[in-house]
Amino acid sequence: MNRSIRVGLIGYGFVGSVVHKPLIEATPGFELRVVATRPEDVKMPLPPGVDVVPTAEDLLAREDIDLVVIAAPNHLHAPLAIAALERGRHVVVEKPFALDVSEAKEMIEAAQRNNRILCAFQNRRWDSDFLSVQRALEENQIGRVLSFESRIEYFQQVVPNRWRDGARKAGGGIWYDVGPHMVDQALLLFGRPEAVMASFAALRAGSAVDDWAQVILIYSNMRVVLVGSMIAAGGQRRFVVQGEQGTLIKTGDDPQERRLKQGIAPSAPGFGDDPDPLVVVRPDGVSATVTAMPGHQITFYNKLRLALAGERDTPVTLQQTLDVTRVIEAGHVSAESGKLVVLEDWS
């Protein structure tokens, strides 16, 4: 594809306007053509020449779109992706990719049937905190990993009146929100777990869905603990990784989303720089700091551009996406049943 990749963005809420739009605009070879959202919902300005249409159907009816990026409410991801694929468009889907494995398989089948690219948006693979931990493990700085703890937490005292905090069937709740990122990172590092044990709770007054989640991924010789929370004022350490020869601690999280909120472009100098170092604690208690690797979420769209040109695989494979969806689903099943869920069928 020699010309620019013409992009249609479905959904212009926080994720669409603050995350996808600036990343698309900053990636050479992409051209944002149209956004599907209600005109009154356009809070963030759009560049000249970008059209606004009121519905996804209006966007899909256009002939000048090569790639559809879906940043709509979670329960619409599967039907919108399938509709776009059936119209011959390539598709990027915001997390969660699908509400369950059945939906995910239907989406993948539609992509294969129409010979189109379908890719989950896993931008946090290129967060500074995760990249720093990943590099330390690749360098074997703490030996064999015994325990890996990952937390994405924030404080939201009042329950907002929005779909994300509404019914579970709409894809609401903290596990659907941050779970796909944490699971994807864990599977990149350690592969498929043998089983999942989860506990979810709606702890805030008026909360209709889980606002706290703890999920344990069980491996034969280690454990992964994932915690998502909307009740953590001040937060906790982002990563704590315990190994046979020491511990890794990454306290601060990646700064890219905060900078996008401030209107700083991903191409700005120092955009992904992280001032919070990785701490390596040795068995004798002596610690050393290691400068955090810079984050670069724009890598997702750079790699996607090459995939669309047939020069490489997609930045996130469909099998990886299906694996993440299976663990997300197992978390829900375990939390509802109070039982361990053994993962045997990865097809």
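This section reports on the structure supplied with the text.

1. Topic: the nonpolar core
Soluble globular proteins tend to bury their nonpolar side chains together.
Point 1. If you look at the biggest cluster of nonpolar residues, it comprises 56 residues, and the most contacted ones within it are Ile-10, Phe-30, Ile-70, Leu-118, Phe-300, Tyr-301 and Leu-304.
Point 2. Counting residues per element, this core draws most heavily on helix H4 (residues 101-114), at 6 residues.
Point 3. Excluding residues within four positions of it along the chain, Leu-304 makes contact with Phe-30, Leu-67, Val-92, Ile-117 and Pro-315.
Point 4. Val-133, Ile-142, Tyr-219 and Val-341 belong to the second largest nonpolar core, which has 40 residues in total.

2. A word on the packing of helix H6 (residues 174-190) against helix H9 (residues 318-337)
Point 1. Two elements in contact, H6 and H9, have axes separated by 9 Å at closest approach and are oriented at 125°. Considering the angle they form, H6 stands oblique to H9. As H6 packs across H9, the resulting crossing turns out to be right-handed. Contacts from Trp-175, Tyr-176, Gly-179, Pro-180, Val-183, Asp-184, Leu-187 and Leu-188 in H6 reach Gln-320, Asp-323, Val-324, Val-327, Ile-328, Gly-331 and His-332 in H9.
Point 2. In the contact of H6 with H9, the residues fall into 9 nonpolar, 4 polar and 2 charged.

3. Brief notes about the sheet that holds strand E3 (residues 51-53)
Point 1. Taken in spatial order, the 6 strands line up as E3-E2-E1-E4-E5-E6 in an open sheet, and their pairing is parallel. Of all the strands in the sheet, just E3 and strand E6 (118-120) have a single pairing partner and so form its edges. Each neighbouring strand pair of the sheet contributes to a mean axis angle of 25°, computed without reference to strand direction.
Point 2. Direction of pairing for strand E4 (residues 67-70) relative to strand E5 (residues 90-93): parallel, over a ladder of 4 bridges. Among the inter-strand pairings, Ile-70 is bridged to a residue of E5, identified as Val-93.

Cut-offs applied
Counting from 1, residues in each chain are numbered in the order their sequence is written. It should be noted that, the model being predicted, local features are given only for residues of pLDDT at least 70 and side-chain atom pairs only at 80 or more, the latter also being counted only at that level, while totals for whole chains, interfaces and linings use all residues. The side-chain values count all of the structure's non-hydrogen atoms but skip hydrogen atoms and water molecules. Among buried residues, those of type Ala, Val, Leu, Ile, Met, Phe, Trp, Tyr and Cys that are joined through side-chain atoms within 4.5 Å constitute a nonpolar core. Buried means the residue's accessible area, taken with a 1.4 Å probe over protein chains only, is under 20% of the maximum for its type, while exposed means over 50%, and partly exposed covers the values in between. Under the DSSP-based scheme used, a helix requires at least four consecutive residues in state H or I and a strand at least two consecutive residues in state E, with every element numbered from the N terminus. Any two residues having at least one pair of non-hydrogen atoms within 4.5 Å are treated as being in contact. Lines fitted to C-alpha atoms define the axes here, with helix axes fitted over just the stretch in contact, and angles between the N-to-C directions of these axes take values from 0 to 180 degrees. Under this scheme an angle from 65 to 115 degrees is roughly perpendicular, one under 35 degrees roughly parallel, and one over 145 degrees roughly antiparallel; angles in between are oblique. Helix crossings fall into two classes, left-handed where the near helix is turned counterclockwise from the far one by less than a right angle and right-handed where it is turned clockwise. In the scheme used here, Gly and all other residues not listed as nonpolar or charged are polar, with Ala, Val, Leu, Ile, Met, Phe, Trp, Tyr, Cys and Pro taken as nonpolar and Asp, Glu, Lys and Arg as charged. Pairing between strands is defined by DSSP: at least two bridges between them are needed.

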